[in-house]
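Chain by chain, the residues:
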Amino acid sequence: MRNQVLILPPAPPMPARAAPGWMLVLAACCWPALTLVGQLDPQHGSFARLVQEVQPKLVKIYGAGGYVGITDYCSGVLVSPDGLILTVYSPTLDSQELRVHLYDGTRQECDLLAAEPVLDAALLKIRDGEKKFRDLPLAYFDLDRPTPKVQVGDWVLAFSNCFQIATREEPLSVQRSVIAAITNLSARRGIHELPYQGTVYILDGITNNPGSHGGALVTRRGELIGLIGKEVRNTLTETWVNYAIPIEPLRDFVSKARSGNYKPLERKKPIVEDRGGSTGIVLVPNLLERTPPYIDEVLPGSPAEKAGLRPDDLIVLVRIPARDGSGTYEEHVVQSVSQWRDLTLPIEPGARIQVVVRRQQQLLRVELEVERRPDFRPKKPTGEKAPAKL
Amino acid sequence: MASGKSVPPRCLYRVVWLTVTGLLFAFLARAVEPQVLEEEARRVAVIEKITPSVVAVFDRQGRGGGSGVLIDEQGYALTNFHVVQPTGPTPRCGLADGQLYDAVVVGLDPVGDVALIKLIPPRPDFRFPYAPLGDSDTVRAGDWSIAAGNPFLLATDFRPTITFGLVSGVHRYQYPSGTFLEYTDCIQIDTSINPGNSGGPLFNLRGEVIGINGRVSFEKRSRINSGVGYAISINQIKNFLGHLRGGLLADHATLGAAARTDEQGRAVVFDILERSDAYRRGLRVGDTILALNGRPIGNANQLKNVLGIFPKGWRIPVLYERFDMEQNRTVRREILVRLMGLIPREVVEGREEEKPQKPEEKAPEKKPTPPVRKPIQPEGEGAKYYVARPGFGNYYFNELERRRVVSALPRVPLDARAVWLLHGEADLYDEITGKPVRHPFTARLDGRTVRLRLGSLQYELEPLRVGEAVANLRQPPGSGGLLVALHYWRAFLAEQEKGFEQGLYYLGYEPFYPDGTSQSRMWTEVLYGKSGPFEIKIFCQPERKHLGGLECYPEEDADPCELIFSPEAEAKTGLPARIEVRFGDRRWATLHLHKCEAEMP
């Protein structure tokens, strides 16, 4: 039995000598391992104590939203003793009246210092925080300390105000997870591509729920390693992705933003190339944010007319050649006039596509060949309208 | 470090020893296997221990169902109300032994979403495996938890599915969904629970039940685990266990007062019903509620949360604070408040068709009514143990519990048909000074009329005579109705349930305060009698063979006359040597019994 080695026989006294330096070094080396042993809670590995330590560093954020799909609440982490709050960039922050609830239940008004969609980060500041917390500084995550390195398979804890379960002094929800993958985010939120395409931690727990965004991902020692992301779906599988963005790339953002020197990154606008194809379908005017793709008019003699499409048909689905040029096809649910435009403009004339429309209570699938617009002259690509500013 | 100086040999020896053990620890910690294996073995052992107690609940057609957990060897099991609602009164239950058992619904708590069922033992000597109940107030966010049940009705051999996860939050409040159902003071978990897990147990790592799983948060995603599940805390269920065992349709409490959170984050009363006991005890608009049953209240949300764990009718201490203008200071006061019910009386007693006499009084409350469903007929072995009755989950079990309590109390050796004559002395307490003044008293109780001679004054009343004025029912003045209370005390001792025109029922556990302060709290089992316009609550301690007290309500929404019986008994009859009479916030009198005799008419 290995454990029996611990029972050491008494050794004879040794000649008086100074403790060699290497022994101290050795003892120092052993220290982390010893503290690890200390972390093993006698309560069968409960994280209760750690949870209590982390909770005061978290806030509940209240801002804009409140309609379907967009919550008016989210989560955030304190990164300074005077009330700087780091969270992810989201429509929730698009409000003149940002408020946070601190761990002790007090309500504080906040200002947005900087927001960076490319980094998926935003920094808020509690109004008059320097004065308010001069005598009683807040608990916070110190971003000047090195972030521990994490790898796939590591245990982590996720803290967030999912479903707005907590208000005021009620503590945030804590969930356990394992880092399942460290990869680039290729996910989408609704129909919009997410501006953030950087590295993410993919988690095996269901951490990304309504209002979870901006919550803290911490190690089993309570060190901040990431911010919980938004509710997004994988573009390929349409499944929900549970992810967090690493804290490391946000250090620079925080240090610049807190001193007011942050300049938003130039963003490459997604480009929709017009290849001059035409189907002869004219949709209703694009008046709403998501105008339903009803056919307004079918040009005489066009492929659409030949295929039998009629005004008032509602386009539901389109099957087009894959945009990666692989020669395969991909199918898209068409939810708006602008989406139809984005999907069909880049199609080469001559390509065959399938369109599913709803006519009264029927679904009809038609096939048509995209023809070349006679007036088309290839020119420099048109930039897509910039995504609505928050 | 300075190496030139000499170090005492003992010290050096210690350094070496520490280094070696340190290294060993480091080695053991790096090679995690023993630790992991040990934890794993512990989990496996717990799972093996709890598995036999987990129940798969089905309807009789085997189409739908949920989960449950056995809590004693007689076969009583907890599940969700919403699980047994579609199964009807006689569900079928599968255990991990692969056997299917007949079962019967015992008691229901629709607001708390809890139901107690009883599995029918196949043989008289059969003992069911069961899980012990834990203490959910010791559960903390960050603790591990184990959920067991039958998600998606997967198990055809009824062996439960086990999931493992973290407690995400405690003392959570979840708003009513649909009608009454409300999760107060519940446990939030990331432990995976799915359809079919409903009613199943949540365990701590000691294998004790800390909650009943029942609800999941979801929005855009489908009705499956979203990482956010809720379990009803077992401590709340313990408060209702008496009601459930007694086959009742339990109701949760309200204070009769509404509070909102002020700028300082305190719960301040902004509305109060004048007919509530809280109002009669002195709570007013503007008062700040500081604690409920000893639990500090920080804001209005917490008040709602803590209040929801109590059954209707419980009397609990409320600590509040008020700024006294005259004294120019803040005063704190603790009051014992009888909690009101959440569900309107008409619904509970199944007399929905009766129109309330004063509709304008009921209107402002706007309480939802539970959906009316076509009753499902009882079938199988369980049907033998099922008696339907409005206001009850299963009346069979109410009778069972009532008989148990009544038979545990000692019989009084006075003839039921006889006239009872009680002689003694009464200390009447002065309304202002509280000083007692002693008078001789005689009470004559014949089962129909009550006569009381108190000093030079004489009172007489026939409680059940039609058309008696309320003021008369409250005789003697200031006692709140001692004559009626004595009448029903005799009725209970002499005739038990036969002494109550509309019956005597078992009402579960309730706290009882013999000296009117929260410090004197003891636990009693309550019998509830109805007779004419009177409601009578009898506080019993069957295990001590003691009748603790009696409350007699001559009218609705008003204070009762309280009798508190001393444990010391009069030698001949076993009747209590002292009876304290209370009304409202006041002790009215103490009756010292010297002699009790029965006289045949």
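All residue numbers here refer to positions counted from 1 along the written sequence of the relevant chain. Here chains are named by letter from A upward and ligands by number from 1 upward, in the order in which they appear as written. Where totals are concerned, whole chains, interfaces and linings use all residues; where local detail is concerned, this predicted model gives features only for residues with pLDDT of at least 70, and gives and counts side-chain atom pairs only at 80 or more. Each side-chain value is derived from all of the structure's non-hydrogen atoms; neither hydrogens nor water enter the calculation.

**Quick look at the overall build of chain B**
Rule in force here: Each helix is a run of H or I in the DSSP string that is no shorter than four residues. Each strand is a run of E no shorter than two, and both are numbered from the N terminus. Type-normalised accessible area, obtained with a 1.4 Å probe on protein chains alone, sets the label of each residue: buried when under 20%, exposed when over 50%, and partly exposed for intermediate values. Two residues qualify as a contact provided that any one of their heavy atoms is within 4.5 Å of a heavy atom in the partner residue. Note on areas: Shrake-Rupley with a 1.4 Å probe; residue coverage comes only from the protein chains shown.
For chain B, the helix and strand inventory stands at 11 helices and 31 strands. Within the span of chain B, comprising 601 residues, buried residues form 55% of the whole. Of all intrachain contacts in chain B linking residues separated by at least 6 positions in sequence, the fraction that spans at least 24 positions is 60%. Split by element, the accessible area of chain B, about 26,800 Å² in all, is 53% carbon and sulfur.

**Here's the deal with the overall build of chain A**
Counting its secondary structure elements, chain A contains six helices and 24 strands. Counting over 390 residues, chain A shows a buried share of 44%. In chain A, the share of contacts with a sequence separation of at least 24, taken over all contacts with a separation of at least 6, comes to 61%. Carbon and sulfur atoms make up 53% of the accessible area of chain A, which totals about 21,000 Å².

**A word on helix α4 (residues 251-258) of chain A**
Residue and element names in this part refer to chain A. The following threshold applies: What the arc measures is the spread of directions leading from the helix axis to the C-beta atoms.
Burial in α4 covers these residues: Arg251, Phe253, Val254 and Ala257. One side of α4 carries all its buried residues, which in axial view fall inside an arc of 165°. Its buried side turned inward, α4 meets β3 (84-87), β5 (107-116) and β6 (121-126). Directly beyond the C-terminal end of α4, a positive phi value near 80° is found at Gly260.

**Some points on the nonpolar core**
The condition that has to hold: We define a nonpolar core as any set of buried Ala, Val, Leu, Ile, Met, Phe, Trp, Tyr and Cys residues linked to one another through side-chain atoms lying within 4.5 Å.
Counting 76 residues, the largest nonpolar core has A:Leu86, A:Phe253 and B:Leu78 as the members making the most contacts within it. The dominant element in this core, judged by the number of residues it contributes, is helix α4 (residues 234-245) of chain B, at five residues. With 52 residues, the next largest nonpolar core counts B:Leu461, B:Tyr488, B:Ile538 and B:Cys561 among its residues.

**With respect to the pattern of salt bridges**
Residues and elements named next belong to chain B. Rule in force here: Salt bridges, as used here, are contacts in which a Lys or Arg side-chain nitrogen is within 4 Å of a carboxyl oxygen on Asp or Glu.
Under the counting rule described, the total for this entry stands at 55 salt bridges over all chains. The closest approach of N and O atoms between Asp72 and Arg245, which form a salt bridge, is 3.2 Å. Placement of Asp72 in the loop between β2 (65-70) and β3 (76-79) and of Arg245 in helix α4 is noted, with a sequence separation of 173 residues between them. Under the relative-accessibility criterion, Arg245 is labelled buried at 18%. In this structure, the salt-bridge partner of Glu321 is Arg332, at a minimum N-O distance of 3.1 Å. With Glu321 in strand β18 (residues 315-324) and Arg332 in strand β19 (residues 329-338), this residue pair connects regions lying 11 residues apart in the sequence. The buried category is assigned to Glu321, whose relative accessible area is 13%. Look at Arg332 and you get exposed, because its relative accessible area is 57%.

**Brief notes about the side chain of B:Lys118**
Residue and element names in this part refer to chain B. What counts is decided by this rule: We score Asp and Glu as negative and Lys and Arg as positive, and we do not count His or the chain ends. As used in this structure description, the phrase polar contact means that two N or O atoms lie within 3.5 Å; if the pair is within protein, one of them must be able to donate a hydrogen and the other to accept it, and residues adjacent in sequence are counted only when both atoms belong to side chains.
With respect to the element layout, Lys118 can be found in strand β6 (residues 114-119). For the buried Lys118, which has no salt bridge, the nearest side chain bearing the opposite charge is Asp72, at an N-O separation of 7.1 Å. Within the structure, Lys118 has its side chain in polar contact with the backbone oxygen of Gln74 (distance 3.2 Å). With residues up to four places along the chain from it excluded, the contact list for Lys118 reads Gln74, Gly75, Tyr76, Asp102, Ala103, Val104, Val106 and Phe397.

**Remarks on the confidence of the model for chain A**
As a note on interpretation, predicted positions should not be read in detail where pLDDT is low. Residue and element names in this part refer to chain A. To be explicit about the condition: One number per residue, pLDDT, summarises how confident the predictor is, and it ranges from 0 to 100.
Per-residue pLDDT for chain A has a mean of 81; in total, 80% of the residues score no lower than 70. When pLDDT is averaged over each element of chain A, strand β12 (residues 216-218) comes out on top at 97 and helix α1 (residues 21-39) at the bottom at 47. Note that pLDDT drops below 50 for residues 1-20; the model gives that stretch 25 contacts with residues more than four away or on any other chain. Taken together, the stretch residues 381-390 has pLDDT below 50 and engages in 12 contacts with residues farther than four places along the chain or on a different chain.

**Focus on the packing of aromatic side chains**
Put simply, the rule reads: Two aromatic rings, drawn from Phe, Tyr or Trp (for Trp, its six-membered ring), form a pair once their centres lie within 6.5 Å of each other, and the interplanar angle then sorts them: stacked below 30 degrees, edge-to-face above 60, tilted otherwise. Lysine NZ or arginine CZ positioned within 6 Å of the ring centre and within 35 degrees of the ring normal marks a charge as sitting over the ring.
With the rule as written, the count across this model stands at 20 aromatic pairs over all chains. Measuring from centroid to centroid gives 5.9 Å for A:Trp155 and B:Trp144, while their planes differ by 90°, and the two rings are edge-to-face. Of this pair, A:Trp155 sits in strand β7 (residues 155-160) while B:Trp144 sits in strand β7 (residues 144-149), placing the two residues on different chains. Ring centres of B:Tyr488 and B:Phe534 lie 5.6 Å apart, and the angle between their planes is 55°; this geometry places the pair in the tilted category. A residue pair is termed long-range when its members are at least 10 positions apart, and B:Tyr488 in helix α11 (residues 482-495) and B:Phe534 in strand β27 (residues 534-541) qualify at 46 residues. With relative accessibility at 0%, the residue B:Phe534 sits in the buried group. Here the guanidinium or amino end of B:Arg284 rests over the ring plane of B:Tyr279, the centre of that ring lying 3.7 Å away.

**Topic: the sheet that holds strand β20 (residues 314-321) of chain A**
All names here are of chain A. Convention followed: Paired strands, as defined in this entry, are two strands with at least two bridges between them according to DSSP. A fitted line through C-alpha atoms represents every axis, and for helices the fit uses only the stretch in contact; the resulting angles, taken between N-to-C directions, go from 0 to 180 degrees.
With respect to topology, four strands assemble into an open sheet ordered β21-β20-β22-β23, the strand pairing being antiparallel. Each end of this open sheet is capped by a strand with a single partner; those strands are β21 (329-333) and β23 (362-369). Going across the sheet, the axis of each strand differs from the next one's by a mean of 20°, ignoring polarity. Bridge analysis of β20 against strand β22 (residues 352-359) gives five bridges, and the strand direction is antiparallel.

**What about the pairing of strand β4 (residues 98-101) of chain A?**
All names here are of chain A. Pairing of strand β1 (residues 58-62) with β4, which is carried by three bridges, proceeds in the antiparallel orientation. Across the sheet, Lys60 pairs through a bridge with His101, a residue of β4. Direction of pairing for β4 relative to β5: antiparallel, over a ladder of four bridges. Looking at β5, one finds that His101 is bridged to Arg107.

**Notes on the side chain of B:Asp559**
All names here are of chain B. By the secondary structure assignment, Asp559 is in the loop between β28 (546-553) and β29 (561-565). Judged by relative accessible area, Asp559 falls into the buried class, the value being 10%. Side-chain polar atoms of Asp559 contact the side chain of Arg280, separated by 2.9 Å. At a separation of 2.8 Å, a polar atom in the side chain of Asp559 contacts the side chain of Arg281. In this structure, Asp559 is in contact with Asp277, Arg280, Arg281, Arg338, Arg474, Pro554, Phe583 and Gly584, ignoring residues within four places of it in sequence.

**Side note on the pairing of β7(A)**
All names here are of chain A. The buried fraction of β7 amounts to five of the six residues, a majority that puts the element mostly inside the structure. Sheet topology note: the β7/strand β8 (residues 173-184) ladder contains six bridges and is antiparallel. Opposite Val156, over in β8, you have Ser177 as the bridge partner. As paired strands, β7 and β12 are joined by three bridges and run antiparallel to one another. Of the residues in β12, the one forming a bridge with Ala158 is Leu217.

**Some details on the sheet that holds β7(A)**
Ordered in space as β7-β8-β11-β16-β13-β12 (chain A), the six strands form a closed barrel in which the pairing is antiparallel. Taken over all neighbouring pairs, the strand axes of this sheet differ in orientation by 40° on average, direction set aside.

**Re α11(B)**
Heads up, the rule is: Given the number of residues in a helix, its expected span is that number minus one, multiplied by 1.5 Å.
End to end, α11(B) covers 19 Å across 14 residues, agreeing with the expected 20 Å (1.5 Å per residue, within 8%). Most of α11(B) is tucked away: 13 of the 14 residues are buried.

**A few points about unusual backbone geometry**
Residue and element names in this part refer to chain B. The residue after Gln475, namely Pro476, is reached through a cis peptide bond having omega -15°. Secondary-structure assignment places Pro476 in the loop between α10 (470-473) and α11. Of note in this structure, Phe152 is not a glycine but carries a positive phi near 55°. Structurally, Phe152 can be placed in the loop between β7 and β8 (161-174).

**Observations concerning the confidence of the model for chain B**
Residues and elements named next belong to chain B. Taken over all residues, the pLDDT of chain B has a mean of 87, while the share at 70 or more is 88%. Note on residues 1-7: pLDDT under 50 across the span, and eight contacts to partners over four residues away in sequence or across chains. Confidence over residues 346-368 falls short of pLDDT 50; this stretch has 21 contacts with residues more than four positions distant or in other chains. The complex model carries a pTM of 0.78, and its ipTM stands at 0.81.

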